Amino acid sequence: MKFDFDERISRRNTNSQKWDTAHGKDDVVPMWVADMDFKAADPVIRAMEHKLAHGVFGYAYIPDAYYEAEMNWWEKRHHCPIEKDWIVFTPGVIPALAVVIQAFTSPGDKVLIQAPVYNAFYGVISANEREIVENELVSQDGIYGIDFEDFEKKAEDDRVKLFILCNPHNPVGRVWSKEELERLAEICRKHNVLVIADEIHRDLVFGGSTFIPFAAVDAMNSITCTSPSKTFNIAGLKTANIVTANSELKDKIKHALHVNGLHDPNNFGVEALIAAYNEGEEWLDQLLVYLESNRDYFLAFVEEKLPRLKVSAPEATYLMWVDCRSLGINSEELGRRLYEEAGLRINEGNMYGNAGDGFIRVNIGCTREVLTEGLERLEKALGQLN
Ligand SMILES: Cc1ncc(COP(=O)(O)O)c(C=O)c1O
């Protein structure tokens, strides 16, 4: 079956964070919040319809079919078998990070992250009164890598108890290699730093790159967060998993989830995960082709029309990380100009730490029509500076 990712579906007036929070401006092109404008895969919609038609929405539990779907997906898509016992449901990856921070660190402890990185990492660490320690990624000709010397220096600090790995990395789009993951794992083991791997973007990987789950590198000193939310565009269903082979870690996580009252799943989320992982592969494979062509279109447009901006091809995710530093404008001013002068909403790079200042993050999980409109607005606002 051929899926139509060009179908333009209005998301206005649907309580969409991305489309409905433009504060009175109704012609904004929103290329910010990380969800996509596409309809979910048919099997997911059918599963929702089936549940809806039943009409009873009482408390749900997690059936065996849910665990099997998650396990099979790990094996068939990522060649990393896991066991049912390793999986714990959680209503989202951010709640999972909060729970892990609470379970394995105390107020005043430090948590290591690799900046620039997903803004909610900063929020959840500080909200839990832990200290943020940044290992800044290093960019060479626009390709980001890890400064391992600095990483180890930071990991040596006794107060650093946890490292949140983002793989694939939001916003820089890297898929970390086996060698990179092994070096990180070794340093963390050596200095007793527990790894929590946020692998929410694991399925959105483009040709030429291979995603390796951190559990395949170090299953015992790690906790992994997964979700079908980004992959299948079902983030609003609040369904994710925490996976660890280490039963001691798992028991502590279950306790922390219980303390926070976070154990019950959403009826629709359970059905959606099962349908997506069991029957959604064909849709996903076509989605990846569409996103990759959006990515290439974006790169070609910027190269031709906005040559002072630097952007390299992300290996994964539908997020473009654009270096605008040559324009000499900070991220906030960039965001303001794009929004007010061109009606384009992006994420300002400094949301992802100081290392992101002068950058913007642009979400290309949209139809080609919206992408083209967004790029024209980008050119309108920044073109005269180029
Ligand atoms: C790296 C990363 N982790 C987690 C999330 C959000 O996860 P959830 O909606 O499951 O809390 C996002 C959303 O953009 C993300 O990019």
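Residues numbered from 1 in each chain as written. Predicted model: local features only at pLDDT ≥ 70, side-chain atom pairs only at ≥ 80, totals over all residues. Heavy atoms only, no water.

Under the convention used in this document: UniProt positions are given in the numbering used here, feature names are shortened, and annotations may be inferred rather than shown by experiment.
An unreviewed UniProt entry lists the protein under the name cysteine-S-conjugate beta-lyase, with Paenibacillus glycanilyticus given as the organism. UniProt lists a comment for the protein under the heading Sequence similarities (unreviewed entry), and it reads "Belongs to the class-II pyridoxal-phosphate-dependent aminotransferase family. MalY/PatB cystathionine beta-lyase subfamily."

**Considerations on the overall build of the protein**
Basically, it comes down to this: Helix and strand assignments follow DSSP, with helices taken as H or I runs no shorter than four residues and strands as E runs no shorter than two, numbered in order from the N terminus. Radius of gyration here uses only the C-alpha atoms, and the compact-globule reference equals 2.2 Å multiplied by the residue count raised to the power 0.38. Between buried and exposed lies partly exposed: a residue is buried under 20% and exposed over 50% of the maximum accessible area for its type, with that area taken using a 1.4 Å probe on protein chains only. The contact criterion used throughout is that any non-hydrogen atoms of two residues lie within 4.5 Å.
Of the regular secondary structure elements, the protein holds 11 helices and 15 strands. Here the C-alpha radius of gyration of the protein, 21 Å, is about what a compact globule of 386 residues would show, namely 21 Å. Taken along its principal axes, the extent of the C-alpha atoms in the protein is 60 × 55 × 40 Å. With 386 residues in all, the protein has 59% of them scored as buried. Summarising the internal contacts of the protein: among those between residues at least 6 apart in sequence, 75% fall at separations of at least 24.

**Quick word on the state of the cysteines**
What counts is decided by this rule: In this description, the term disulfide denotes a pair of cysteine sulfurs within 2.5 Å.
Scanning all chains against the criterion turns up zero disulfides. Of all cysteine sulfurs in the structure, the one in C225 sits closest to C80, which takes part in no disulfide; the separation is 15 Å. Judged by its relative accessible area of 7%, C80 falls in the buried class.

**Considering the site of the ligand**
Let me state the cut-off plainly: Only heavy atoms are used to decide nearness, and a residue is near a molecule or strand if one of them lies within 4 Å of it. Polar contacts, as used here, are pairs of N or O atoms within 3.5 Å; protein pairs need one atom able to donate a hydrogen and one able to accept it. Residues neighboring in sequence count only if both atoms are side-chain atoms. For each structure, a 1 Å grid was placed over the protein atoms alone; sets of points admitting a 1.4 Å probe that cannot get out are labelled cavities, open sets with protein on both sides within 12 Å along at least five of seven lines are labelled pockets, and lining residues have an atom within 4 Å of a point. A molecule is said to be in a cavity or pocket once over half of its atoms fall within 2 Å of that pocket's grid points. Note on residue categories: nonpolar means Ala, Val, Leu, Ile, Met, Phe, Trp, Tyr, Cys or Pro, charged means Asp, Glu, Lys or Arg, and polar means any other residue, Gly included.
Taken together, 13 residues are adjacent to the ligand, and V93, N170, D198, H201 and K230 come closest. The separation between a nitrogen atom of the ligand and a polar side-chain atom of D198 is 2.5 Å. H201 has a polar side-chain atom sitting 2.8 Å from an oxygen atom of the ligand. Taken atom by atom, the bulk of the ligand overlaps the largest pocket. For the shell around the ligand, the element with the highest residue contribution is helix α3 (residues 93-104), accounting for three residues. Partitioned by chemical class, the residues of the shell around the ligand number seven nonpolar, three polar and three charged.

**Some points on the layout of surface pockets**
Sizing a probe to match a water molecule and rolling it over the atoms shows the empty space that remains. Note the cut-off: Grid points are joined across faces, edges and corners, and a volume is the space filled by probe spheres set on the points. Each domain's extent is set by a domain assignment, obtained either automatically or from a database.
Considered as a void within the structure, the largest pocket measures approximately 710 Å³ in volume. Of the residues in the lining of the largest pocket, the class split is 14 nonpolar, 12 polar and six charged. Looking at the lining of the largest pocket, you find at least three residues from each of domain 1 (29-41 + 281-381) and domain 2 (57-279). The volume enclosed by the second largest pocket comes to roughly 500 Å³. As for the second largest pocket, its lining consists of 20 residues, of which R11, F38, A40, N233 and I234 are closest to the centre. Its residues assigned to classes, the lining of the second largest pocket comprises 11 nonpolar, four polar and five charged.

**Some words on empty space enclosed by the protein**
Here the structure, examined in full by the defined rule, presents three cavities of 30 Å³ or more. Space inside the largest cavity adds up to approximately 40 Å³. In terms of lining residues, the largest cavity is bounded by R12, K18, W19, T21, A22, V28, P30, W32 and R345. For the lining of the largest cavity, a count of residues per class yields five nonpolar, one polar and three charged.

**Observations regarding the sheet that holds strand β15 (residues 359-363)**
Stated formally: In this description, strands pair whenever DSSP reports at least two bridges between them. To get an axis, a line is fitted to the C-alpha atoms, and for a helix only the part in contact is used. The angle between two axes follows their N-to-C directions and goes from 0 to 180 degrees.
The sheet built from four strands is open, its strands ordered β11-β12-β15-β14 with antiparallel pairing. Only two strands of the sheet have a single partner each, and these edge strands are β11 (310-311) and β14 (347-348). In the sheet, β11 pairs with strand β12 (residues 319-323) via two bridges, with the strands oriented antiparallel. Within β12, the residue paired with K310 across the bridge is D323. The sheet contacts of helix α9 (residues 281-305) involve β11, β12 and β15, and relative to β12 the element is tilted by about 15 degrees.

**Points about the side chain of E199**
The line we're drawing: For this count, His and the chain ends are skipped, Lys and Arg are scored as positive, and Asp and Glu as negative. For this analysis, a salt bridge means a side-chain nitrogen from Lys or Arg found within 4 Å of a carboxyl oxygen belonging to Asp or Glu.
Here E199 lies in the loop between β8 (194-198) and β9 (222-226). Among buried charged residues, E199 stands out as having no salt bridge; its nearest opposite-charge side chain is R202, 5.5 Å away.

**Focus: the domain arrangement of the protein**
Where interface size is quoted, it is often the accessible area lost as the parts come together. What counts here: Note: buried area is the sum, over both parts, of the accessible area (probe 1.4 Å) each one loses when the two are combined.
On domain assignment, one finds that the protein holds domain 1 (29-41 + 281-381) and domain 2 (57-279). The gap between the C-alpha centroids of domain 1 and domain 2 is 25 Å. Facing 30 residues of domain 1, the contacting portion of domain 2 comprises 36 residues. Counting each side, the surface lost to burial between domain 1 and domain 2 is near 2800 Å², with a carbon and sulfur contribution of 58%. Remark: the boundary between domain 1 and domain 2 carries four salt bridges. With a closest N to O distance of 2.9 Å, E281 and R77 form a salt bridge. Here domain 1 and domain 2 share 17 residue pairs in polar contact (both at pLDDT 80 or more) between them. For the side of domain 1 that touches domain 2, the secondary structure elements donating two or more residues are α9, β12 and β15. Among the elements that line the side of domain 1 that touches domain 2, the one with the most residues is α9, at nine residues.

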